[in-house]
Amino acid sequence: MVSDRTHPMNDEILSAFLDDELPPERVGALLVALREDAPGSAELRDQLTVLQLIKDAVGGVEAPDDGFTLRILARLRAHRDARP
Amino acid sequence: MRVETLNPAPPAAPPGDADAPRAAPPASVDGELVARACAGEEIAFELLVVKYQRRAAAEIRRVVHDAAIVEELTQDAFMRAYDGLPDLQDRDRFWPWLRTISRNVASSYLRSGQNRLDDRPADPDADATILAFEQHASHGSVEDELAARQLFEALRRAMAALPDRQRDAILMREIEGLDYRSIAATMGLPVNTVKSLIFRGRDAIAVAIRPMLQPTRSRRW
């Protein structure tokens, strides 16, 4: 059984990406697809985060994302904006 | 079965600081993300956060036990990593570098005398899984705790229900840390078959747990 997602950037690519098994020269296309303004990027980001959650849980770190990532990124943006 | 439709990628962006000593061209996904982050591509560092935030927090939890402090220190670790990224020589080894930063942040906190609220003894042998769950539970509501327990129980059931080869391949990847080539050699299968087994197994688990994740979609990246 596979998911019914329709985004052309398929789950096999996401899975290989998270395992560090995607050829580096193909990372750029994935980043373009993940940009906030890219069509279907919300769906793609969601699948990526779910696959990462599964990876972490199987690897021994069971922690759902309760906004943890977004809070890190918010602080990072503030940090970046405060730079001279 | 879906067909891969990925177009050829554009060449990697050049490094940002022309005066800094340059590492070899990236040989890995992480190396490529680091190179792009150094060149100002913000989403590249965001992806490093998505990939490693739980593992960084788990490293810190080995010595610090208060959930709010663990979160703050995890943020500190990523800030330090962001600032220090241009100086990372071996860009393909981002995680070992971040893990060291995370440990150092935790150790600095303990030495700083700011740990009066976190006076439980450190236990370096503590099980990271249990600690991670306890920390999450103590940081959220009773409803969140219940939802988290149900989520990971469902995840374990889905994992147990996978065909043996899918489950074996995923366990070799996540528990033993083997790369696809090593898993393929161990299982006597082509590398592409291993890649497919792992992605199909994860996809099946994702389908099983996705309904439980919908209520929290807005809290994720």
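Note that the structure is a prediction, hence the values are computed from the model and not measured.

Criteria and cut-off values
Residues numbered from 1 in each chain as written. Chains lettered and ligands numbered in written order. Predicted model: local features only at pLDDT ≥ 70, side-chain atom pairs only at ≥ 80, totals over all residues. Helix = DSSP H or I, 4+ residues; strand = E, 2+ residues; numbered from the N terminus. Buried ≥ 20, exposed ≤ 12 C-beta atoms within 10 Å, placed from the backbone. Contact = placed C-beta atoms within 7 Å. Axes fitted to C-alpha atoms, helices over the stretch in contact; angles between N-to-C directions. Parallel < 35°, antiparallel > 145°, perpendicular 65-115°, else oblique. Left-handed = near helix turned anticlockwise from the far one by under 90°. Nonpolar A, V, L, I, M, F, W, Y, C, P; charged D, E, K, R; others polar. Core = buried A, V, L, I, M, F, W, Y, C linked by C-beta atoms within 7 Å. Domains from an automatic or database assignment. Expected span 1.5 Å × (residues − 1). Arc of directions from axis to C-beta. pLDDT = per-residue confidence, 0-100.

**Student:** I'm lost on the overall build of chain A in this one. Help?
**Tutor:** Assigned secondary structure in chain A consists of 4 helices and 0 strands. Helices (α) and strands (β) of chain A occur, in sequence order from the N terminus, as α-α-α-α. Counting only residues that meet the buried cut, chain A has 43% of its 84 residues in that class. Partitioning the contacts of chain A with sequence separation of at least 6, the portion at a separation of at least 24 is 48%.

**Student:** I keep staring at the overall build of chain B and nothing clicks. Help me out?
**Tutor:** A tally of helices and strands in chain B yields 9 helices and 0 strands. In sequence order, the secondary structure elements of chain B are arranged as α-α-α-α-α-α-α-α-α. Counting all 221 residues of chain B, 36% fall into the buried class. Of the contacts formed within chain B by residues at least 6 apart in sequence, a portion of 64% connects residues at least 24 apart.

**Student:** Explain the packing of helix α4 (residues 68-81) of chain A against helix α3 (residues 67-84) of chain B here, please?
**Tutor:** The packing of two helices is summarised by the inter-axis angle and the distance between the axes. Contact geometry for α4 of chain A and α3 of chain B: axes closest at 10 Å, N-to-C directions at 45 degrees. Viewed along their axes, α4 of chain A and α3 of chain B adopt a mutual orientation that is oblique. Of the two elements, α4 of chain A crosses α3 of chain B, and the hand of that crossing is right-handed. Contacts between α4 of chain A and α3 of chain B pair F68, I72, R75, L76 and H79 of chain A from the former with E71, T74, Q75, F78, M79 and Y82 of chain B from the latter. Classifying every residue of the contact of α4 of chain A with α3 of chain B by side-chain character gives 6 nonpolar, 3 polar and 2 charged.

**Student:** What is the right way to read the environment of A161 of chain B from this model?
**Tutor:** Residue placement: A161 of chain B occurs in the loop between α6 (142-160) and α7 (164-174). In this structure, the C-alpha to C-alpha distance between A161 of chain B and G201 of chain B, residues 40 residues apart in sequence, is 9.7 Å.

**Student:** Looking at this structure, I do not really get the interface of chain A and chain B. What am I missing?
**Tutor:** Listed as interface residues are 55 residues of chain A and, on the opposing side, 70 residues of chain B. Going through the elements one at a time, α1 (11-18), α2 (27-34), α3 (41-58) and α4 of chain A are the ones with two or more residues in the side of chain A that touches chain B. Here the element with the most residues in the side of chain A that touches chain B is α3 of chain A; it accounts for 12 residues. By residue class, the composition of the side of chain A that touches chain B is 28 nonpolar, 11 polar and 16 charged.

**Student:** Help me understand the nonpolar core in this model?
**Tutor:** Nonpolar side chains in soluble globular proteins tend to be buried together. Residues I54 of chain A together with L33, A37, L48, I60 and L73 of chain B are the most contacted members of the largest nonpolar core, which totals 70 residues. Here this core takes 11 residues from helix α2 (residues 42-61) of chain B, the largest share from any one element. Built from parts of two domains, this core gets at least three residues from each of domain 1 (10-125) and domain 2 (140-221) of chain B. With residues near it in sequence (within four places) discarded, I60 of chain B still touches V70, L73, T74, S102, V105 and A106 of chain B.

**Student:** How should I be thinking about unusual backbone geometry in this particular structure?
**Tutor:** Keep in mind that most residues, glycine aside, have a negative phi and that most peptide bonds are trans. One non-glycine residue, D20 of chain A, adopts positive backbone phi at about 65 degrees. Tracing the sequence through the fold places D20 of chain A in the loop between α1 and α2.

**Student:** How do you make sense of α6 of chain B when you look at a structure like this?
**Tutor:** For an α-helix, 3.6 residues make a turn, and residues three or four places apart therefore share a direction. Residue and element names in this part refer to chain B. Over its 19 residues, α6 extends 27 Å from the first C-alpha to the last, a length consistent with the 27 Å expected when each residue adds 1.5 Å. Of the positions making up α6, those classed as buried are A148, F152, L155 and M159. Buried residues along α6 cover an arc of 55 degrees about the axis, so they all sit on one side. Exposed and facing more than 90 degrees away from the buried side of α6 are V142, E143, L146, Q150, E153, R157 and A160.

**Student:** What exactly am I supposed to notice about helix α8 (residues 180-187) of chain B here?
**Tutor:** All names here are of chain B. Turning to α8, its buried residues number three or more, namely Y180, I183 and A184. One side of α8 holds all its buried residues, which, seen down the axis, span an arc of 100 degrees. The inward-facing, buried residues of α8 abut α7 and α9 (191-213). Of the residues flanking the end of α8, it is G188, one or two places downstream, whose phi is positive at about 70 degrees.

**Student:** Can you help me understand the packing of α6 of chain B against α9 of chain B in this one?
**Tutor:** All names here are of chain B. Closest axis-to-axis distance for the α6/α9 pair is 9 Å, and the angle between their directions is 155 degrees. The angle between α6 and α9 places the two elements in the roughly antiparallel class. When the axes of α6 and α9 are compared, the crossing they make is right-handed. Contacts from Q150, L151, A154, L155, A158 and M159 of α6 reach α9 at A204, I205, A208, I209 and M212. Residues belonging to the contact of α6 with α9 are distributed by class as follows: 10 nonpolar, 1 polar and no charged.

**Student:** Looking at this model, I keep getting lost on the confidence of the model for chain A. Mind explaining?
**Tutor:** Where the model shows low pLDDT, its predicted coordinates should not be examined in detail. Mean pLDDT over chain A: 89, with 90% of residues reaching 70 or higher. For chain A, α1 of chain A is the element with the lowest average pLDDT, namely 92, and α2 of chain A is the one with the highest, namely 95.

**Student:** Explain the confidence of the model for chain B to me, please; I cannot follow it from the model alone.
**Tutor:** All names here are of chain B. Here chain B averages 83 in pLDDT, and 77% of its residues register 70 or above. Taken together, the stretch residues 1-20 has pLDDT below 50 and engages in 36 contacts with residues farther than four places along the chain or on a different chain. For this predicted complex, the interface confidence score (ipTM) comes to 0.91, while the overall pTM stands at 0.82.

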